[in-house]
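# Chains, contacts and geometry: an overview
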Amino acid sequence: MASGQSPAYKPYRLHKTLTAHSNAVSCVKFSNDGNLLASASLDKTLIIWSAPTLTLLHRLVGHLEGISDLAWSSDSHYICSASDDCTLRIWDARAPYDCLKILKGHTNYVFCVNFNNQSSLIVSGSFDETIRIWEAKTGKCVKIIKAHSAPITSVHFNNDGSLIVSASHDGSCKIWDTENETCLVNDNKERPAVSFAKFSPNGKFILVGALDNTLKLWNYVSGKFLKIYAGHTNNKYCITSTFSVTNGKYIVSGSEDHCVYIWDLQQKTMLQKLEGHTDTVISVTCHPTENKIASAGLQGDRTVRIWVQAK
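Every chain's residues receive numbers from 1 upward, in the order its sequence appears when written. With the structure being a predicted model, the display of local features is reserved for residues of pLDDT at least 70 and the display and counting of side-chain atom pairs for 80 or more, all residues being used for whole-chain, interface and lining totals. Calculated side-chain values reflect all of the structure's heavy atoms, with hydrogen atoms and water omitted.

## Some points on the pairing of strand 7 (residues 78–83)
- Note on exposure labels: buried denotes an accessible area under 20% of the residue type's maximum, exposed denotes more than 50%, and partly exposed covers the range between, all computed with a 1.4 Å probe on protein chains only. Strands here mean DSSP runs of E at least two residues long; helices mean DSSP runs of H or I at least four residues long; both are numbered from the N terminus. Across the six residues of strand 7, five count as buried, placing the element largely inside the fold.
- The rule for pairing is simple: two strands pair if DSSP sees at least two bridges between them. Note: strand 6 (residues 67–72) against strand 7, five bridges, orientation antiparallel. Looking across to strand 7, one finds that aspartate 69 is bridged to alanine 82.
- Linking two consecutive strands that pair antiparallel, namely strand 6 and strand 7, is a turn of five residues; a positive phi of about 65° is found at serine 76 within it.
- Relative to strand 8 (residues 87–92), strand 7 is paired through five bridges, and the arrangement is antiparallel.

Pasting the structure below:
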């Protein structure tokens, strides 16, 4: 994250609204190759969309309860989904779109999931207050970490997979050694629930969301919070946010005021507020190579909206 001027900001505009889910859309994520977009919903299904044409390619059916999160493998061939049915499922994102594995072991809602960059491991977090690490190939649970004293809201590997960051309703954000399961950093300052945590693309920082209407950029080595992004509303739901790096460096987040917010990463200034959803925007994802954002709305909205930057 070298300092320096970002390119002149070009505003995003609504490009398309996708309306195939029948309940809250809980998560949207572009595949790593940028060819596909996946959405997960409380309607118990996932949908795979063509990212270029935004046509529905396939609906993945099998979970017995709503789905809270999804993750793509690095090669964009597989999706792992996390559900209130206490399981995760690994799906083939290519025809015939089979469910390849069902990962059983959590004893309460599975709320968050991610692959490591090698796509050899899957990490999941649950309302049962544990982190589980699974072998992606076999679906076998290889580690269980009693991680928090309240539901876990977010789990994410760093670039080389050696570290996992976890966030929880207990107000703490922790960093774990993947190999030996030890807690290396426990940031448990007095604060409300931590709703989200994610390593930055270069792995040096963690973006932390809390239910106090703030997003913070955390240098976890020094322990200091370097930047605070504010203006959005987040005190109820676990809203995911992300980094945009295709044209300047931005922070993008959903909000409970039904908007998508975009900030300049370095300057912390709010650059744009995208209006159009009719309920909380719970999830956002940025296309890996194009200046394109997808966002997801809760029950009163049920849509995925695609936003593109002006040429």
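## Some words on the side chain of serine 283
- Residue position: serine 283 is located in strand 26 (residues 281–286).
- For serine 283, a relative accessible area of 1% corresponds to the buried category.
- Within the structure, serine 283 has its side chain in polar contact with the backbone nitrogen of valine 28 (distance 3.0 Å).
- Among the polar contacts made by the side chain of serine 283, one reaches the side chain of threonine 240 at a distance of 3.5 Å.
- By definition, residues are in contact when any of their heavy atoms lie within 4.5 Å. Once residues within four sequence positions are removed from consideration, serine 283 is found in contact with Ser26, Cys27, Val28, Thr240, Ala294, Ser295 and Ala296. Nitrogen and oxygen atoms within 3.5 Å of one another constitute a polar contact, given that in protein one can donate a hydrogen and the other can accept it, and given that sequence-neighbouring residues count only through two side-chain atoms.

## Some remarks on the layout of surface pockets
- Whether a set of points on the 1 Å grid over the protein atoms alone is a cavity depends on a 1.4 Å probe fitting there but being unable to get out, while an open set qualifies as a pocket with protein on both sides within 12 Å along at least five of seven lines; lining residues are those with an atom within 4 Å of a point. Grid points are joined across faces, edges and corners, and a volume is the space filled by probe spheres set on the points. Estimates place the volume of the second largest pocket at around 170 Å³.
- In this structure, the second largest pocket is lined by Lys10, Arg13, His15, Glu290, Asn291, Lys292, Val308, Gln309, Ala310 and Lys311.
- Amino acids are sorted into nonpolar (Ala, Val, Leu, Ile, Met, Phe, Trp, Tyr, Cys and Pro), charged (Asp, Glu, Lys and Arg) and polar (every other residue, Gly among them). Considered class by class, the residues forming the lining of the second largest pocket number two nonpolar, three polar and five charged.

## Some thoughts on the sheet that holds strand 4 (residues 45–50)
- Reading across from one edge, 2-3-4-5 is the order of the four strands in this open sheet, with antiparallel pairing throughout. Taken across any chain shown, the strands that pair with only one partner, and hence form the sheet edges, are strand 2 (25–30) and strand 5 (56–61). The average angle at which neighbouring strand axes cross in this sheet is 15°, direction not considered. Helix axes are fitted only over the stretch in contact, all axes being lines through C-alpha atoms; the angle between N-to-C directions runs from 0 to 180 degrees.

## Observations concerning the pattern of salt bridges
- The salt bridge criterion pairs a side-chain nitrogen of Lys or Arg with a carboxyl oxygen of Asp or Glu, the two atoms within 4 Å. Enumeration over the complete set of coordinates arrives at five salt bridges.
- Linking arginine 94 and aspartate 92 is a salt bridge whose minimum nitrogen-to-oxygen distance equals 3.1 Å.
- With a relative accessible area of 34%, arginine 94 lands in the partly exposed category.
- Residue aspartate 301 is joined to arginine 305 by a salt bridge in which the shortest nitrogen-to-oxygen separation is 3.6 Å.

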